[in-house]
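# Results of the structural survey
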Amino acid sequence: MAVTDRTRTVQQDQQDRQDQQPGTGQGGKTAAGIGVLLALLATVVWSGSFVATRGMAGSVPPVQAVFWRWIIAAVAVAPFAARQAWQQRALLRRHLGYVSLATLFGVTLYNTLVHQAGLTTSASNMGMIMAASPVIMALYARLGGERLGLRRTFGMLLAAFGVLLLVGHGSLGFDFSAGDLWMFGAALSFASYSALLKRKPAEIGGLAFLITTFVLGALMLAPAYAVSVAVQGGFEVRPGTVGPLLYVGVFSSAVAFFAWNKAVSVIGAARAGVVYYLQPVCVAGLGLLLLGERTGPAELLSMALILGGVGLASAARR
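Conventions adopted
- Residues numbered from 1 in each chain as written.
- Predicted model: local features only at pLDDT ≥ 70, side-chain atom pairs only at ≥ 80, totals over all residues.
- Heavy atoms only, no water.
- Helix = DSSP H or I, 4+ residues; strand = E, 2+ residues; numbered from the N terminus.
- Buried < 20%, exposed > 50% of the residue type's maximum accessible area, 1.4 Å probe, protein only.
- Contact = heavy atoms within 4.5 Å.
- Areas by Shrake-Rupley, 256 points an atom, 1.4 Å probe, with all protein chains shown as cover.
- Phe/Tyr/Trp six-rings, centres within 6.5 Å; stacked < 30°, edge-to-face > 60°.
- Lys NZ or Arg CZ within 6 Å of the ring centre and 35° of its normal.
- Core = buried A, V, L, I, M, F, W, Y, C linked by side-chain atoms within 4.5 Å.
- Axes fitted to C-alpha atoms, helices over the stretch in contact; angles between N-to-C directions.
- Parallel < 35°, antiparallel > 145°, perpendicular 65-115°, else oblique.
- Left-handed = near helix turned anticlockwise from the far one by under 90°.
- Patch = residues over 30% accessible without salt bridge, like charges linked within 9 Å, V, L, I, M, F, W, Y side chains within 5 Å.
- Salt bridge = Lys/Arg side-chain N within 4 Å of Asp/Glu carboxyl O.
- Expected span 1.5 Å × (residues − 1).
- Bend = angle between axes of the 7 residues up to and from the residue.
- pLDDT = per-residue confidence, 0-100.

## Regarding the overall build of the protein
- When helices and strands are tallied, the protein shows 14 helices and zero strands.
- What you see in the protein, going N to C, is helices and strands ordered as α-α-α-α-α-α-α-α-α-α-α-α-α-α.
- Residue burial in the protein is summarised as follows: out of 318 residues, 48% are buried.
- Long-range contacts, defined here as pairs at least 24 residues apart, represent 90% of the contacts in the protein between residues at least 6 apart.
- Within the structure as shown, the protein displays about 15000 Å² of accessible surface, and the carbon and sulfur contribution to it stands at 67%.

## Considering the environment of Arg-151
- Summarising the element assignment, Arg-151 is placed in helix H8 (residues 150-167).
- On a C-alpha basis, the gap between Arg-151 and Leu-312 in space is 6.6 Å, while along the polypeptide they are 161 residues apart.

## Quick notes on the packing of aromatic side chains
- Enumeration according to the criterion identifies 15 aromatic pairs in this entry.
- Relative to Trp-260, the ring of Phe-190 has its centre 5.4 Å away and its plane inclined at 45°; by these criteria the two rings are tilted. Note that Phe-190 is positioned in helix H9 (residues 178-197) and Trp-260 in helix H11 (residues 239-267), a separation of 70 residues in sequence. Exposure class is identical for Phe-190 and Trp-260. Each is buried.
- Put simply, the rings of Trp-46, Trp-70, Tyr-110, Phe-190, Tyr-193, Phe-214, Phe-257 and Trp-260 pair up and form one aromatic cluster.
- Sitting over the face of the ring of Phe-209, Lys-200 holds its NZ or CZ atom 5.9 Å from the ring centroid.

## Quick word on the nonpolar core
- Formed by 63 residues in total, the largest nonpolar core has its most connected members in Phe-50, Trp-70, Tyr-110, Met-130, Met-183, Phe-190 and Trp-260.
- Excluding residues that lie within four positions of it along the chain, Met-130 makes contacts with Phe-50, Tyr-110, Met-183, Ala-186, Ala-187, Phe-190, Tyr-276 and Gln-279.
- One finds Leu-148, Ala-159, Ala-160 and Val-163 within the second-largest nonpolar core, a separate group that totals 13 residues.

## What about the packing of H9 against H11?
- One way to put it is that H9 packs onto H11 with a least axis distance of 9 Å and a crossing angle of 55°. Viewed along their axes, H9 and H11 adopt a mutual orientation that is oblique. The handedness of the crossing between H9 and H11 is right-handed. Facing Phe-190, Tyr-193, Ser-194 and Leu-197 of H9, the residues of H11 in contact are Phe-257, Trp-260, Asn-261 and Val-264.

## Some words on the environment of Val-77
- Tracing the sequence through the fold places Val-77 in helix H3 (residues 62-87).
- Residue classification places Val-77 among the buried positions, given a relative accessible area of 7%.
- Each C-alpha atom of the pair Val-77 and Val-255 lies 8.7 Å from the other, and the pair is 178 residues apart in sequence.
- The contacts of Val-77, once residues within four sequence positions are left out, are Ala-82, Leu-210, Ile-211, Phe-214 and Ala-254.

## Here's the deal with a nonpolar patch on the surface
- There is a patch of nonpolar side chains on the surface, built from Leu-101, Leu-104, Leu-109 and Met-220 and spanning about 280 Å² of accessible area.
- Ranked by residues supplied to the nonpolar patch, first place goes to helix H5 (residues 96-117) with three residues.
- Looking at where Leu-109 falls in the secondary structure, it is placed in helix H5.
- Leu-109 sits in the partly exposed class, given a relative accessible area of 35%.

## Describing helix H12 (residues 269-276)
- Among the eight residues in H12, eight count as buried, and that is most of the element.
- Of all the residues in H12, the buried ones are Ala-269, Ala-270, Arg-271, Ala-272, Gly-273, Val-274, Val-275 and Tyr-276.

## Thoughts on H5
- When the terminal C-alpha atoms of H5 are compared, their 30 Å separation across 22 residues agrees well with the 32 Å that a helix rising 1.5 Å per residue should span.
- At Leu-104, H5 shows its strongest bend, of approximately 40°.

## Some remarks on the side chain of Ser-252
- Within the secondary structure, Ser-252 is located in helix H11.
- Beyond its immediate chain neighbours, meaning those up to four positions away, Ser-252 contacts Val-45, Trp-46, Ser-49, Arg-69, Tyr-247 and Phe-257.

## Here we look at the packing of helix H6 (residues 123-130) against H9
- Between H6 and H9, whose axes approach to 9 Å, the crossing angle comes to 40°. Classified by the angle between their axes, H6 and H9 sit oblique to one another. Seen along the crossing, H6 lies across H9 with a hand that is right-handed. In this structure, H6 uses Asn-125, Met-126, Ile-129 and Met-130 to contact H9, whose residues at the interface are Asp-180, Met-183, Phe-184, Ala-186, Ala-187 and Phe-190.

## Overview of the confidence of the model for the protein
- Put simply, the protein has an average pLDDT of 79, and 81% of its residues get 70 or more.
- pLDDT under 50 marks residues 1-24. Its contacts with residues more than four places away, or in other chains, come to 14 contacts.

## Focus on the pattern of salt bridges
- For the structure shown, the criterion picks out one salt bridge.
- Between Glu-236 and Arg-238 there is a salt bridge whose closest N-O contact spans 3.6 Å.
- Judged by its relative accessible area of 34%, Arg-238 is partly exposed.

What follows is the structure, encoded as structure tokens:
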């Protein structure tokens, strides 16, 4: 009887450990599902930011737009995050090098490059090119020792092929503008940020990390902001400028970054990156609804490939 009880205890312990592992057991499946939904939420919200960024092009200089974006974002999350950040101030100082590097790639460089790209390329192109970042995320994950698996790799390649067709308007020929090249730089920066998130010290709270990167990002941009105001002048405060700034500050920054950071911590950068492939589809949908952009057969085929690839890779077990 005692042997039987011990056997059951060992089996139960093994099951509990299995359930706690990402992607395994009932608890792991639930967590993975939540992680995918959070990555999807961030992707949809960020898709709208490309439309908002494009709408500000020509009326708000890029550096000024990004600077105020992070000021608004910091104010938006302060009621929820300031207390935790203050309590963990010593911990944040200890890991200031890591936090500063993540801020540089994910807050300062990435968003400045996106706003710069908005001057010379369309919102649709911005969304489509940014969909290349999951490939870089997967490469980072592979270099870090993570096994991607055949099913997820195939899904990633299928989605990548769909993105290539979408950018090439049904062919594999490309004619990139200066804005497109800025967006490729943004994709590399965002992928680097997502890879860094996996190395975030576990003891740093998500909200404390978020508000600290927002504040540091604004401080990093302050010198460039001062130069921009001196050389280009300020921008006119009106609904056409304030509205998009509020969207990118509150939703695309505070809400989307929190959701994305949480998703990466749950399912990993590579798997969250696969969900990010949905961004061209979201941008195309918003373009149709808000801008009246038409979607032809080539675009529909590309979107089908992207959706199919995302479905395969997201369903793959880690």
